[in-house]
Amino acid sequence: MPAPISDEQNRLDREALLDAAERLFYERGIQAVGMDEIRAASGLPLKRIYRFFAAKEDLVVAMLKRRDQRWRGNLAAHVEQVPDPRERVLAIFDWLAEWFAEPGFRGCAWINAYGELGLSSEAVYAEVRSHKQGFHDQIAVWVDAIGLRVTEPVFLLAEGAIVTAGISGDPTPARHARAAVATLLGTP
């Protein structure tokens, strides 16, 4: 009988699985990637994978949840180091420009997942909505610190820049959106 798998090994295997799934799903799309490819990339047997996630949909939702924590955490770390509230809002777009310029940028993982599965998977749709609401709420905190009622336009400019950069492969939309937000905020 094989030795029981430790909690630490379970954690490491789950992270390796999520890493492999995230990379493949983001690079190629969720529906284009089969579970055998995820097995090969993660180095885990399918039986073990299905112990972690009973269905591919469950793996997609877990990957999106984990990516949301990291993505919004990285954004907050960048923005919150800026002391001036107006500049903090503009820093959102500086961070987006850096993200858009990263090798392998393929747009918003949540929009991509929604485009593939949102109408057929309630769980994926719920996770996409949760991410977008969390991003909106994050922006609202930074905008509210200025005392202007411009959260919705700032959020829409950020979302529009993300979608446009994802389609065009060009980071320039972040700069254009930043300039529009600077005008909204009355920042030179």
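Placed above this text is the structure.
1. Some details on the side chain of Glu22
Along the chain, the position of Glu22 falls in helix 1 (residues 7–28). Within the structure, the side chain of Glu22 is placed 3.1 Å from the side chain of Arg66, a separation counted as a polar contact. Sequence-distant contacts of Glu22, defined by excluding residues within four places in its chain, comprise Met63, Arg66, Arg67 and Arg70.

2. Structural notes on the environment of Ser168
Tracing the sequence through the fold places Ser168 in helix 8 (residues 151–168). As for Ser168 and Arg149, which are separated by 19 residues in sequence, their C-alpha atoms are 30 Å apart.

3. So, the pattern of salt bridges
Counted under the stated rule, the structure contains 15 salt bridges. Here Arg23 and Glu27 are joined by a salt bridge, their closest N and O atoms 3.8 Å apart. Residue Arg23 and its partner Glu27 are both found in helix 1; the two are separated by four residues, about one turn of the helix. For Glu27, a relative accessible area of 43% corresponds to the partly exposed category. A salt bridge links Asp36 to Arg39, with the shortest nitrogen-to-oxygen separation between them at 3.8 Å. Of the two residues, Asp36 and Arg39 both sit in helix 2 (residues 35–42), three residues apart, roughly one turn of that helix. Among the charged side chains, a salt-bridge network with shared partners connects Glu15, Asp19, Glu22, Arg66, Arg67 and Arg70.

4. A look at the packing of aromatic side chains
One pass over the structure, following the stated rule, counts ten aromatic pairs. Plain terms: the ring middles of Trp71 and Trp99 are 5.4 Å apart, the flat faces sit at 75 degrees to each other, and that makes the pair edge-to-face. One end of the pair, Trp71, is in helix 4 (residues 56–79); the other, Trp99, is in helix 5 (residues 85–100), with 28 residues separating them in the sequence. Each member of the pair, Trp71 as well as Trp99, carries the same accessibility label: buried. By way of ring pairs, the aromatic residues Trp71, Trp95, Trp99, Phe100, Phe105, Trp110, Phe135 and Phe155 are connected into one cluster.

5. Brief notes about the nonpolar core
In terms of nonpolar packing, the biggest core is built from 58 residues, with Ile38 and Leu96 touching the most fellow members. If we skip the residues at most four places from it in the chain, Ile38 touches Leu17, Ala20, Ala21, Leu24, Phe25, Val33, Ile49 and Leu59.

6. A word on the packing of helix 4 against helix 6 (residues 109–118)
Helix-helix packing: each pair is described by the crossing angle between the helix axes and the interaxial distance. In the contact formed by helix 4 and helix 6, the axes pass within 11 Å of each other and the chain directions differ by 160 degrees. In this view, helix 4 runs roughly antiparallel relative to helix 6, as classed from their interaxial angle. Between helix 4 and helix 6 lies a crossing whose hand is left-handed. Two secondary-structure elements touch here, helix 4 through Val60, Leu64, Arg67, Asp68 and Trp71 and helix 6 through Ala109, Trp110, Ala113 and Leu117. Its residues assigned to classes, the contact of helix 4 with helix 6 comprises seven nonpolar, no polar and two charged.

7. As for helix 8
An ideal rise of 1.5 Å per residue puts 26 Å on 18 residues; helix 8 measures up with 25 Å between its terminal C-alpha atoms. Every buried residue of helix 8 is listed here: Thr151, Val154, Phe155, Ala158, Glu159, Ala161, Ile162 and Ala165. One side of helix 8 carries all its buried residues, which in axial view fall inside an arc of 155 degrees. In helix 8, the exposed positions angled more than 90 degrees off the buried face are occupied by Leu156 and Ile167. Along its buried surface, helix 8 packs onto helix 4, helix 5, helix 7 (122–144) and helix 9 (172–185).

8. A word on a nonpolar patch on the surface
Taken together, Ile111, Val163 and Ile167 make up a surface patch of nonpolar side chains, about 270 Å² in accessible area. Assignment of secondary structure puts Ile167 in helix 8. Ile167 gets classed as exposed once you look at its relative accessible area, which sits at 72%.

Cut-offs used in this document
Residues numbered from 1 in each chain as written. Predicted model: local features only at pLDDT ≥ 70, side-chain atom pairs only at ≥ 80, totals over all residues. Heavy atoms only, no water. Helix = DSSP H or I, 4+ residues; strand = E, 2+ residues; numbered from the N terminus. Polar contact = N/O pair within 3.5 Å; in protein donor to acceptor, adjacent residues only side chain to side chain. Contact = heavy atoms within 4.5 Å. Salt bridge = Lys/Arg side-chain N within 4 Å of Asp/Glu carboxyl O. Buried < 20%, exposed > 50% of the residue type's maximum accessible area, 1.4 Å probe, protein only. Phe/Tyr/Trp six-rings, centres within 6.5 Å; stacked < 30°, edge-to-face > 60°. Core = buried A, V, L, I, M, F, W, Y, C linked by side-chain atoms within 4.5 Å. Axes fitted to C-alpha atoms, helices over the stretch in contact; angles between N-to-C directions. Parallel < 35°, antiparallel > 145°, perpendicular 65-115°, else oblique. Left-handed = near helix turned anticlockwise from the far one by under 90°. Nonpolar A, V, L, I, M, F, W, Y, C, P; charged D, E, K, R; others polar. Expected span 1.5 Å × (residues − 1). Arc of directions from axis to C-beta. Patch = residues over 30% accessible without salt bridge, like charges linked within 9 Å, V, L, I, M, F, W, Y side chains within 5 Å. Areas by Shrake-Rupley, 256 points an atom, 1.4 Å probe, with all protein chains shown as cover.

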